[in-house]
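The chain contents come next:
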Amino acid sequence: LVNQQVQACYKIMGLPAEATAVLTGKLSREKRLEYWKQRRVFYCTPQTVQKDLMESDEFANRVVCLVLDEAHKATGDYAYVKVIEQLEAAGAKFRIVGLSATPGTSIKAIQQVVHALRSHCIEARHELDPSVQPYLHEKISEIVIVPRNDSQRQVERHLTNMLTPVLEQLRQWGAIRLNGNMTLTPFQIFQAKNDFAQRHHGQVPGNISSLYAVAHKLVEIRNDAHQSLGVVRTKLYRLRNEPQRGMLSTLVKSKQFQELIDLVQAATGGDLETSLSQQHGSSRRNNPKLTKLAELLQEHFCRADACGKSSRVIVFSQFRDSVAEIVLLLRTYE
């Protein structure tokens, strides 16, 4: 990505090579500091800038413009946020230009980025803008909502029941300030732990850290149930067979955990050790998304064949375990 920016700026603006420098972690610290003193335009990974500013801020007050690609990452403790804070602390007077094709999915998420980047002006371009249209292909979008089935809901309820007492303990310790249970995400648990550590001088007692670990794992598996019970089954297998410590070890040995395994095994056909291919038939019946995907793909290719056209499809999936299920599904049509 850094090299792409170098080439683009050279072609568009003709910035001379002797005025520029590419700074990444592969370059020695001494060489980077030498470049900071000599050059005017820098192409860097944000982590490299953050590290160099931590070690020496002698060049910081010479920065007059900071351009951030993928600016939507400027949240939490990401390097973008830290670099801005470091430059401000060093007394630099600079402008920030943030660029993003995916600024956020909600007003709240976008506002976090706006705040982190000290934004005073926002320019937005949508797909109908003349400046954007030459770079877009014509597309037709259709949203297909696939409802969860009874097996998924049952597994989610069981996980919620397991999670509730863990969250209650965290709240009693003042270790989580979020209300509710059903809408929690793994990232929110992770963020709650960081917030607690910041409020207690970087320290998280072992018992509270263990509670966070259990809450994070249960929320993660519950979210997986929205995608596929086959993925849940794989996660439970790993959780049970890999060494665990603290409350996670207690969780794996609990009656509730065994009941969860029984629910998932009944829905996916076979015990946890059953291979994905062996339990695939039952898993597909209990995976509404896989069923719908198969229908859509068959419809697409049948339509293409009827028109005498060759066609290709890309299926995007968030999790590697989900990809394994999708690949197995597609191979049944070879």
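Everything quoted here is computed from the prediction, not taken from an experiment.

Draft legend 1. Here's a closer look at the overall build of the protein. On a plain count of helices and strands, the protein comes out with 14 helices and four strands. For a compact globule of 334 residues, the expected C-alpha radius of gyration is about 20 Å, and the protein comes in at 25 Å, more than 25% above that figure. Oriented by its inertia axes, the alpha-carbon framework of the protein measures out at about 65 × 65 × 35 Å. Here the protein, with 334 residues, has 34% of them falling under the buried criterion. For the protein, contacts bridging at least 24 residues in sequence account for 60% of all contacts bridging at least 6. Accessible area for the protein stands at about 21,700 Å²; split by element, carbon and sulfur atoms hold 53% of it. Here the protein contributes 43 positively and 34 negatively charged side chains, and the mean placements of these two sets differ by 2 Å.

Draft legend 2. Just the environment of Val132, in detail. Residue placement: Val132 occurs in the loop between helix H5 (107–116) and helix H6 (150–172). For Val132, the residues in contact, after removing those within four places along its chain, are Arg125, His126 and Glu127.

Draft legend 3. Expanded view of the nonpolar core. Core analysis: the largest hydrophobic core is formed by 34 residues, its most contacted members being Leu167, Leu170, Ile189, Tyr212, Leu236 and Phe257. When residues of this core are traced back to their parent elements, those giving at least two are H6, helix H7 (186–199), helix H8 (206–227), helix H9 (229–241), helix H10 (246–252) and helix H11 (255–268). In terms of residues, this core owes the most to one element, H8, which gives nine residues. The contacts of Tyr212, once residues within four sequence positions are left out, are Leu170, Ala175, Ile176, Ile189, Ala192, Lys193, Phe196 and Val204.

Draft legend 4. Main features of the pattern of salt bridges. Taken as a whole and assessed by the stated rule, the structure comprises 14 salt bridges. With a closest N to O distance of 3.9 Å, Lys82 and Glu85 form a salt bridge. Taken as a pair, Lys82 and Glu85 lie in helix H4 (residues 79–89) at a separation of three residues, close to a single helical turn. Among the ionic contacts, a cluster of salt bridges with common partners joins Lys217, Glu220, Asp224 and Lys235.

Draft legend 5. Structural view of the packing of H9 against H11. Contact geometry of H9 with H11 gives a least axis separation of 10 Å together with a crossing angle of 140°. It follows that H9 is oblique to H11 by the angle criterion. In the packing of H9 onto H11, the handedness of the crossing is left-handed. Facing H9, whose interface residues are Leu229, Gly230, Val232, Arg233, Leu236, Leu239 and Arg240, H11 presents Phe257, Leu260, Ile261, Val264, Ala267 and Thr268.

Draft legend 6. Local environment of the packing of H7 against H8. Direction vectors running N to C along H7 and H8 enclose 165°, while the axes themselves pass 8 Å from each other. Taken together, the axis directions place H7 and H8 in an arrangement best described as roughly antiparallel. Considering the relative orientation of H7 and H8, their crossing is right-handed. Mapping the contact onto sequence places Pro186, Ile189, Phe190, Ala192, Lys193 and Phe196 in H7 and Ile208, Ser209, Tyr212, Ala215, His216, Val219, Glu220 and Asn223 in H8. Of the residues contributing to the contact of H7 with H8, the split by class is nine nonpolar, three polar and two charged.

Draft legend 7. View of the pairing of strand E2 (residues 41–44). Sheet topology places strand E1 (residues 20–23) next to E2; four bridges connect them, and they run parallel. Bridging from a neighbouring strand, Thr20 pairs with Val41 of E2. Between the parallel pair E1 and E2, the chain is carried across by helix H2 (residues 29–38), and the sense of this crossover is right-handed.

Draft legend 8. Geometry of a nonpolar patch on the surface. Where nonpolar side chains cluster on the molecular surface, the patch consists of Val67, Val97 and Leu99 and spans about 240 Å² of accessible area. You can see Val67 is positioned in strand E3 (residues 65–68).

Reading the values: rules and limits
- Sequence order sets the numbering: in each chain, residues are counted from 1 along the sequence as written.
- This being a predicted model, a pLDDT of at least 70 is required before a residue's local features are given, and a value of 80 or more before pairs of side-chain atoms are given or counted; all residues contribute to the totals for chains, interfaces and linings.
- For side-chain calculations, the full set of non-hydrogen atoms in the structure is used, while hydrogens and water are omitted.
- Only runs of H or I of at least four residues qualify as helices and only runs of E of at least two qualify as strands under DSSP, and these elements are numbered from the N terminus.
- Throughout, the radius of gyration refers to the C-alpha atoms, and the reference size of a globule is 2.2 Å times the residue count to the power 0.38.
- Relative accessible area decides the class of each residue, using a 1.4 Å probe on protein chains only: under 20% of the type maximum gives buried, over 50% gives exposed, and in between gives partly exposed.
- The contact definition used throughout considers only heavy atoms, calling two residues in contact when any of these lie within 4.5 Å.
- Residue exposure ignores everything except the shown protein chains as possible cover, and the areas themselves are Shrake-Rupley values with a 1.4 Å probe.
- In this tally, Lys and Arg are treated as positive and Asp and Glu as negative; His is ignored, and so are the chain termini.
- One atom stands in for each charge, and that atom is NZ of Lys, CZ of Arg, CG of Asp or CD of Glu.
- Residues enter a nonpolar core if they are buried and are Ala, Val, Leu, Ile, Met, Phe, Trp, Tyr or Cys, with the set joined through side-chain atoms within 4.5 Å.
- For salt bridges, the criterion is a side-chain nitrogen of Lys or Arg within 4 Å of an Asp or Glu carboxyl oxygen.
- Structural elements are reduced to axes, namely lines fitted to C-alpha atoms, with helices fitted over the stretch in contact, and the angle between N-to-C directions of any two is expressed from 0 to 180 degrees.
- Here the word oblique covers every angle except those under 35 degrees (roughly parallel), over 145 (roughly antiparallel) and from 65 to 115 (roughly perpendicular).
- Left-handed is the label given to a crossing in which the near helix is rotated counterclockwise from the far helix by less than a right angle, and right-handed is the label when the rotation is clockwise.
- Note on residue classes: Ala, Val, Leu, Ile, Met, Phe, Trp, Tyr, Cys and Pro are nonpolar, Asp, Glu, Lys and Arg are charged, and everything else, Gly too, is polar.
- At least two bridges found by DSSP between two strands is the condition for calling them paired.
- A crossover gets the label right-handed when its path from the first strand over the helix to the second runs clockwise, viewed with the strands pointing away from the viewer.
- Within this analysis, patches are made of residues with over 30% relative accessible area and no salt bridge. Like charges are joined at 9 Å or less; nonpolar side chains (Val, Leu, Ile, Met, Phe, Trp, Tyr) at 5 Å or less.

The values are spatial; any link to function lies outside them.
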